[in-house]
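These are the residues of each chain, in order.
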Amino acid sequence: MTSRSTPIIELKNIGKSYANINALKDVSLGVRQGEVTCILGDNGAGKSTLISIIAGRNFFLGSEIVRGIGPFRRLDVPAMWEETNKELHRMGINLTDLEQSVGTLSGGQRQVVAIARAIHFGARVLILDEPTAALGVAQSGIVLRYIAAAAREQGIGVIFITHNPHHAYMVGNHFLVLARGEVELDVPREDLSLEKLMFHMAGGRGLATLEHELHLVPTAEAASESARRDSSRSRRQP
Ligand SMILES: Nc1ncnc2c1ncn2[C@@H]1O[C@H](COP(=O)(O)OP(=O)(O)OP(=O)(O)O)[C@@H](O)[C@H]1O
Ligand SMILES: [Mg+2]
């Protein structure tokens, strides 16, 4: 018996094709409450296709606060901002002006607001597709902290899609690496090192081959030294 909770989302042997492309083939995935499940893989590996299948089940959207009924229903914006403000304060974040439109927030602030919203609306699952992709080191760190907090303190099942094995390894409890639509690796943290994760993300042997090839490429200094030698040799020629 294991002490881990049963999955709140379980996909078994999922397949998806677009015309003649097998975007997903025989992919299974379990997402547990209170855990960060990382989905990694190269461009075109099938990550977004996989989460669009999960999101199709719609866990979180539609929880906005609504005021009035029938044709008079409208979003209660002031109430939503107030709640967001409270949640952000609780998480130790002060946005200077909450009326500030989301479009003018920095990338990191926007991700944090999304996480705060999920917590406030009592989401059981939070899906983040590349939340740290456009962020600097400091902002990535803040977002990673909230990803971990959403899972460990709020018990949300977080699905974290990223190309960055370092980010994934910092917060992940479970790791799924996709390669050309198939599962390349599916392991809990206990069975994984950062090196092993990077190895599988590079398609296994691919990384060793790349490293070998890079050793064969001359460095900038070596290239300019060799050019200098060539030109002095040609000057000495009669
Ligand atoms: N709507 C679509 N129509 C046709 N092919 C698609 C469609 N969406 C995705 N694909 C193809 O399915 C495969 C998986 O794409 P997907 O977007 O899931 O990859 P990804 O892992 O999210 O990549 P990235 O890291 O670049 O976001 C790719 O070969 C892609 O070209
Ligand atoms: Mg994608």
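Remember, it's a predicted structure, so these values are computed and weren't measured experimentally. (Residues numbered from 1 in each chain as written. Chains lettered and ligands numbered in written order. Predicted model: local features only at pLDDT ≥ 70, side-chain atom pairs only at ≥ 80, totals over all residues.)

## Observations regarding the overall build of the protein chain
Along the backbone of the protein chain there are 8 helices and 9 strands. Counting all 238 residues of the protein chain, 26% fall into the buried class. A separation threshold of at least 6 residues defines the contact pool for the protein chain, and within that pool the share at least 24 residues apart is 66%. (Helix = DSSP H or I, 4+ residues; strand = E, 2+ residues; numbered from the N terminus. Buried ≥ 20, exposed ≤ 12 C-beta atoms within 10 Å, placed from the backbone. Contact = placed C-beta atoms within 7 Å.)

## A short note on the site of ligand 1
If you check the shell around ligand 1, you find Tyr 18, Ile 21, Ala 23, Gly 41, Asn 43, Gly 44, Ala 45, Gly 46, Lys 47, Ser 48 and Thr 49 and nothing else. Among the elements of the structure, strand 2 (21–32) and helix 1 (47–55) are those that each provide at least two residues to the shell around ligand 1. With 3 residues, the top contributor of residues to the shell around ligand 1 is helix 1. Looking at the shell around ligand 1 residue by residue, the class counts come to 4 nonpolar, 6 polar and 1 charged. (Near = placed C-beta within 6 Å. Nonpolar A, V, L, I, M, F, W, Y, C, P; charged D, E, K, R; others polar.)

## Section: the pairing of strand 8 (residues 174–179)
Within strand 8, 6 of the 6 residues are buried, which leaves the element mostly enclosed by the surrounding structure. Across the two faces of strand 8 the burial is the same, with His 174, Leu 176 and Leu 178 and Phe 175, Val 177 and Ala 179 all buried. Bridge count between strand 3 (residues 36–41) and strand 8: 5 bridges; the pairing is parallel. Residue Cys 38 lies in a different strand from strand 8, and its bridge partner there is Phe 175. Relative to strand 9 (residues 182–188), strand 8 runs antiparallel, the two being bridged by 6 bridges. Bridge assignment links Leu 178 to a residue of strand 9, and that residue is Val 183. Between strand 8 and strand 9, which pair antiparallel and follow one another directly, the connecting turn spans 2 residues, one of which, Arg 180, has a positive phi of 45°. (Pairing = 2+ DSSP bridges.)

## Section: the nonpolar core
One finds Ile 115, Leu 126, Ile 147, Ala 150, Val 158 and Phe 160 to be the most contacted residues of the largest nonpolar core, which totals 41 residues. When residues in this core are grouped by element, the largest group, 6 residues, is from helix 4 (residues 137–152). Here Ile 147 is in contact with Val 36, Ile 115, Leu 128, Val 158, Phe 160 and Val 171, once residues within four sequence places are set aside. (Core = buried A, V, L, I, M, F, W, Y, C linked by C-beta atoms within 7 Å.)

## Quick word on the sheet that holds strand 9
With mixed pairing, the 5 strands of this open sheet are ordered in space as 6-7-3-8-9. Strands at the two margins of the open sheet, each flanked by one partner only, are strand 6 (125–129) and strand 9. Shown here is a sheet whose adjacent strand axes are inclined to one another by a mean of 15°, direction ignored. Each of strand 3, strand 6, strand 7 (157–161) and strand 8 is contacted by helix 1, which is oriented at about 155° to strand 6, the strand it contacts most. Across the sheet, helix 6 (residues 194–201) is in contact with strand 3, strand 8 and strand 9; its angle to strand 8 comes to roughly 20°. (Axes fitted to C-alpha atoms, helices over the stretch in contact; angles between N-to-C directions.)

## Focus on the pairing of strand 6
By the bridge criterion, 5 bridges tie strand 6 to strand 7 in an arrangement that is parallel. Looking at the pairing, Val 125 lines up with Gly 157 of strand 7. The β-α-β motif built from strand 6, the intervening helix 4 and the parallel element strand 7 has right-handed crossover chirality. (Right-handed = clockwise from strand over helix to strand, strands pointing away.)

## Overview of the environment of Ala 168
Inspection of the secondary structure puts Ala 168 in helix 5 (residues 165–171). The spacing of Ala 168 and Thr 37 is 131 residues in sequence and 8.8 Å in space, taken between C-alpha atoms. Excluding residues that lie within four positions of it along the chain, Ala 168 makes contacts with Cys 38, Leu 40, Phe 160, Thr 162, Phe 175 and Leu 197.

## Things to note about the packing of helix 3 (residues 107–120) against helix 4
Where helix 3 meets helix 4, the axes come as close as 9 Å, and the angle between the chain directions of the two elements is 10°. Put simply, helix 3 runs roughly parallel to helix 4. For the pair helix 3 and helix 4, contact is made by Gly 107, Gly 108, Gln 111, Val 112, Ile 115, Ala 118 and Ile 119 and by Gln 139, Ile 142, Val 143, Tyr 146, Ile 147 and Ala 150, respectively. Each residue belonging to the contact of helix 3 with helix 4 can be placed in one class, and the counts come to 9 nonpolar, 4 polar and no charged. (Parallel < 35°, antiparallel > 145°, perpendicular 65-115°, else oblique.)

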